[in-house]
Amino acid sequence: MAPRPELGNGTSETHLDHGGSGMQSKDGVVLPAYSTAALVDDVAEESDPWDLPALKDTGVKWSDLDTKGKVIRVVSGIAKFCLLLGFLYMFVCSLDVLSSAFQLVGGKAAGDIFQDNVVLSNPVAGLVIGVLVTVLVQSSSTSSSIVVSMVSSGLLEVKSAVPIIMGANIGTSVTNTIVAMMQAGDRNEFRRAFGGATVHDFFNWLSVLVLLPLEVATGVLYKLTDLIIISFNLQTGQDAPDILKVITEPLTKNIIELDKSVISGIATGDPAARNKSLIKIWCKTETTITLQNVTVPGPENCTVGALCWVEGNLTWTQKNVSETINLAKCKHIFANANLPDLAVGLILLALSLAILCTCLILIVKLLNSMLKGQVAVVIKKVLNTDFPYPFGWITGYIAMFVGAGMTFIVQSSSVFTSAITPLVGIGVISIERAYPLTLGSNIGTTTTAILAALASPGETLANSLQISLCHFFFNIFGILLWYPIPFMRVPIRLAKGLGNHTAQYRWFAAVYLVLCFLVMPLTVLGLSIAGWQALVGVGVPVVLLAVFVVVVNVMQNRWPQHLPEVLRSWDFMPRPLRSLAPWDRVVTSAMGFCGARCCCCCKCCRGGGEGKDEEKAGRKDSKSLEMYDNPALTTDETPTQTHF
């Protein structure tokens, strides 16, 4: 038997009572019962992976530097800051190009989806169509503008458009979820980044689960916004400020420019739009209107008030004919390329994703390099510290205003949430602080849409403004549901749970992305096209099963005594149905060839994660070696009860 570890310097005394009899050690040797409790506590006390990591200063202190060292540090700090701004600029531009790529690949399909008015009248189908179209075009603004066009042209009622706007709110959160996947190299960074990104997803999905049935039953959003439109005498105003476009357009317009009216034309049933390319070729055009002689079928078709005459078998009249004259070609790199939209879209998709990944990795490296010492302490305190009691509750609402203001400035909730996602990953912003920032971003993007709606022409002003207000109040009601009461901040707990799973099984992040934003919406859309009978017949059992599983899980954790013996755990089910571990072995085996021979980055990524896991396991083993001879910890991993 190995010697037990000693406590103290050999002079301390230890008194223990066991069953009323005292046991004393004068030589400092820890007795078995005492060592069991201490070592079990040590093993159980592990750091919370959601705690913000300590960013320590590993360099020389400023006071210890000579003049040359101080100059070098200042110059290097300025250079890093400039590089950070440059990479951030490229990151934002790559998001813009990524949106254009998605529109080229799926824009016409998005327009086709909107054409089926029978399906759109189904609120559930309208919801998933909003999700799919926003995922395809990577812009809730674009999908909302399509809806406004359809409402203004009479193809869609405002009441039917409300679920589509809810779906657009869900679809816009896919961008920062994609960005979070770029931090999969470090397990804990990925845990925090994915949790910080998906808190947006859970907020949107939970809000829809509550507010969509409420809207279908009562029409609360439609009635409220209709009352506002009627009550105020609204006039056409100026367009919303577009600060971000001014900064990014000099680069992005030299890469690609799109004619977004083509998607709206397809959605509104314009036959000429289907044969047009989304790629804009002529950037400067002029439309002239001339009075020309044209033939018509008969005198009754002549223009009112214009000349009308018959020559032989032809009837002539005069009409104003508009003609578009192309003056100057666009200067982007695909203006003269005779490539189909799909090919250009795939090229830009690969290019933008490569730039996005590269910029994100470099931004994270630079931030880790810059956020050290006192700078890190100050930034973390400013971002994550609450106001003193009793005003601590105000902090979250101020964070909402900051998120709304920043989103209003950059004109995109996707850009703002994608920018804070890596900050959550490296531990500068906590997920509890990222949550109100994200909610504020939702509000910011709707206020931008309201200002854009106010700039609409008089004939479309009321409809476009009502749709924008529906979007605004949907987010307001969602915030009232899931933020003011701390107990109701369910999205944070769900995001942390998903973050823990994806940190352990990183491939599950891709599965989640495909399931939530592609497979599930497409399945619901297919069932909706098949008819409400198919949707109800399949959807109701699935919903009931999901509710049953959630209720049983909650009762297993809190009130297991009220459950039948068989339901107190899921052990009666096959392991692949209750654990991801068997699937992990399958995925790991399938990716083995790629990791070993084809993709060195996959191998490095997996190796890094495994190395850290092995190091942590080593630390645990070093403690377990000190207690291997204790019988209380060697019986089927269940410690015996020890009374003191």
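Cut-off values and rules
Residues numbered from 1 in each chain as written. Predicted model: local features only at pLDDT ≥ 70, side-chain atom pairs only at ≥ 80, totals over all residues. Heavy atoms only, no water. Salt bridge = Lys/Arg side-chain N within 4 Å of Asp/Glu carboxyl O. Buried < 20%, exposed > 50% of the residue type's maximum accessible area, 1.4 Å probe, protein only. Axes fitted to C-alpha atoms, helices over the stretch in contact; angles between N-to-C directions. Helix = DSSP H or I, 4+ residues; strand = E, 2+ residues; numbered from the N terminus. Parallel < 35°, antiparallel > 145°, perpendicular 65-115°, else oblique. Left-handed = near helix turned anticlockwise from the far one by under 90°. Contact = heavy atoms within 4.5 Å. Nonpolar A, V, L, I, M, F, W, Y, C, P; charged D, E, K, R; others polar. Expected span 1.5 Å × (residues − 1). Arc of directions from axis to C-beta. Core = buried A, V, L, I, M, F, W, Y, C linked by side-chain atoms within 4.5 Å. Pairing = 2+ DSSP bridges. Phe/Tyr/Trp six-rings, centres within 6.5 Å; stacked < 30°, edge-to-face > 60°. 1 Å grid on protein atoms, 1.4 Å probe; cavity = no way out; pocket = protein on both sides within 12 Å on 5 of 7 lines; lining within 4 Å. Points joined across faces, edges and corners; volume = space filled by probe spheres on them. Patch = residues over 30% accessible without salt bridge, like charges linked within 9 Å, V, L, I, M, F, W, Y side chains within 5 Å. Areas by Shrake-Rupley, 256 points an atom, 1.4 Å probe, with all protein chains shown as cover. pLDDT = per-residue confidence, 0-100.

(A) Quick peek at the pattern of salt bridges. Within the structure shown, the criterion is met by three salt bridges. Taking the shortest distance from any N to any O, the salt bridge between Arg568 and Glu565 comes out at 3.3 Å. Across the pair Arg578 and Asp571 runs a salt bridge, and its minimum N-O distance is 3.7 Å. When its relative accessible area of 55% is taken as the criterion, Asp571 is described as exposed.

(B) Up close: the packing of helix α8 (residues 187-218) against helix α19 (residues 490-504). Viewed as axis vectors pointing N to C, α8 and α19 meet at an angle of 140°, and their least axial separation amounts to 7 Å. On the basis of the axis angle, α8 is oblique to α19. Once α8 is placed against α19, the crossing between them reads as right-handed. Between α8 and α19, the contacting residues are Arg187, Phe190, Arg191, Phe194, Gly195, Thr198, Val199, Phe202, Phe203 and Leu206 on the first element and Val490, Pro491, Ile492, Leu494, Ala495, Leu498, Gly499, Asn500, Thr502, Ala503 and Gln504 on the second. In the contact of α8 with α19, the residues fall into 13 nonpolar, six polar and two charged.

(C) Fine view of the environment of Leu349. Mapped onto the secondary structure, Leu349 falls in helix α13 (residues 341-370). Between the C-alpha atoms of Leu349 and Ala101, which are 248 residues apart in sequence, the distance is 5.2 Å. Every residue in contact with Leu349, bar those within four places of it in the chain, is listed here: Leu98, Ala101 and Phe102.

(D) How the structure looks around helix α9 (residues 220-231). For α9, spanning twelve residues, the distance from its first C-alpha to its last is 16 Å, which sits close to the expected 16 Å at 1.5 Å a residue. The complete set of buried residues in α9 reads Leu221, Thr225 and Ile229. All buried residues of α9 lie within an arc of 60° about the axis, which places them on one face of the element. Relative to its buried face, α9 has exposed residues pointing more than 90 degrees away, namely Lys223, Leu227, Ile230 and Ser231.

(E) Layout of the nonpolar core. Counting residues in each nonpolar core, the largest one holds 55 residues, and the members touching the most others are Met166, Tyr435 and Phe517. For this core, the leading source of residues is α8, giving twelve residues. The residues contacting Phe517, other than those within four sequence positions of it, are Val131, Leu132, Val135, Ile170, Ser173, Val174, Asp201 and Tyr512. In terms of nonpolar packing, the next biggest core, distinct from the first, is built from 38 residues, Val148, Phe334, Val344 and Leu535 among them.

(F) Representation of the sheet that holds strand β4 (residues 308-311) within the structure. Pairing within the open sheet is antiparallel, and its three strands lie in the order β3-β5-β4. Here the strands that pair on one side only, and so sit at the sheet edges, are β3 (282-296) and β4. Mean inter-strand twist for the sheet, computed between neighbouring axes without regard to direction, equals 45°. Two strands pair when backbone bridges link them, and β4 and strand β5 (residues 314-329) are joined in this way by four bridges, in the antiparallel orientation. Residue pairing in the sheet places Trp309 in a bridge with Trp316 of β5.

(G) Inspection of the environment of Ser140 at higher detail. When you line up the elements, Ser140 lands in helix α5 (residues 140-152). Beyond its immediate sequence surroundings of up to four residues, Ser140 is in contact with Thr134, Ala168 and Thr172.

(H) Geometry of the packing of aromatic side chains. Summed over all chains, the structure comprises eleven aromatic pairs. A ring pair is formed by Tyr397 and Tyr483, whose centres lie 5.4 Å apart and whose planes are at 90°; its orientation type is edge-to-face. Of this pair, Tyr397 sits in helix α15 (residues 394-410) while Tyr483 is found in the loop between α18 (458-482) and α19, placing the two residues 86 residues apart along the sequence. Exposure remark for Tyr397: the relative accessible area of 25% places this residue in the partly exposed category. Taking the centre distance of 5.2 Å and the plane angle of 80° together, the rings of Phe472 and Phe473 count as edge-to-face.

(I) Structural detail: empty space enclosed by the protein. Evaluated as defined, the whole model comprises one cavity of 30 Å³ or more. Its volume calculated, the largest cavity comes out at about 30 Å³. In terms of lining residues, the largest cavity is bounded by Trp50, Leu52, Arg192, Val424, Ile429, Ser430 and Ile431. Class assignment for the residues of the lining of the largest cavity results in five nonpolar, one polar and one charged.

(J) Looking closely at a nonpolar patch on the surface. Together, Phe387, Phe391, Trp393, Ile398, Val402, Met406 and Ile409 line one region of the surface with nonpolar side chains, adding up to about 690 Å² of accessible area. Mapped onto the elements, Phe387 comes out in the loop between α14 (373-384) and α15. On the basis of relative accessibility, which here comes to 42%, the residue Phe387 falls in the partly exposed class.

(K) Summary view of the packing of helix α20 (residues 507-530) against helix α21 (residues 532-558). Orientation of α20 relative to α21, taken along the N-to-C sense of each, is 140°, at an axis distance of 5 Å. Viewed along their axes, α20 and α21 adopt a mutual orientation that is oblique. Residues Val524, Leu527, Ser528 and Ala530 of α20 pack against Ala534, Leu535 and Val538 of α21. When the residues that make up the contact of α20 with α21 are grouped by side-chain class, the tally is six nonpolar, one polar and no charged.

(L) Expanded view of the pairing of β5. Here β3 runs beside β5; their pairing, made up of 14 bridges, is antiparallel. Along β5, the bridge assignment pairs Thr287 with Thr324. If you look at the hairpin formed by β4 and β5, you'll find two residues sitting between the two strands, and Gly312 has a positive phi there, around 65°.

(M) Examining the confidence of the model for the protein chain more closely. On average, residues of the protein chain score 75 in pLDDT, and 75% of them are at 70 or above. In this model, residues 30-45 is a region of pLDDT below 50 whose contacts with residues beyond four sequence positions or in other chains number 25 contacts.

(N) Seen up close, the environment of Leu522. Position of Leu522 among the secondary structure elements: in helix α20. With 391 residues separating them along the chain, Leu522 and Val131 place their C-alpha atoms 9.7 Å apart.

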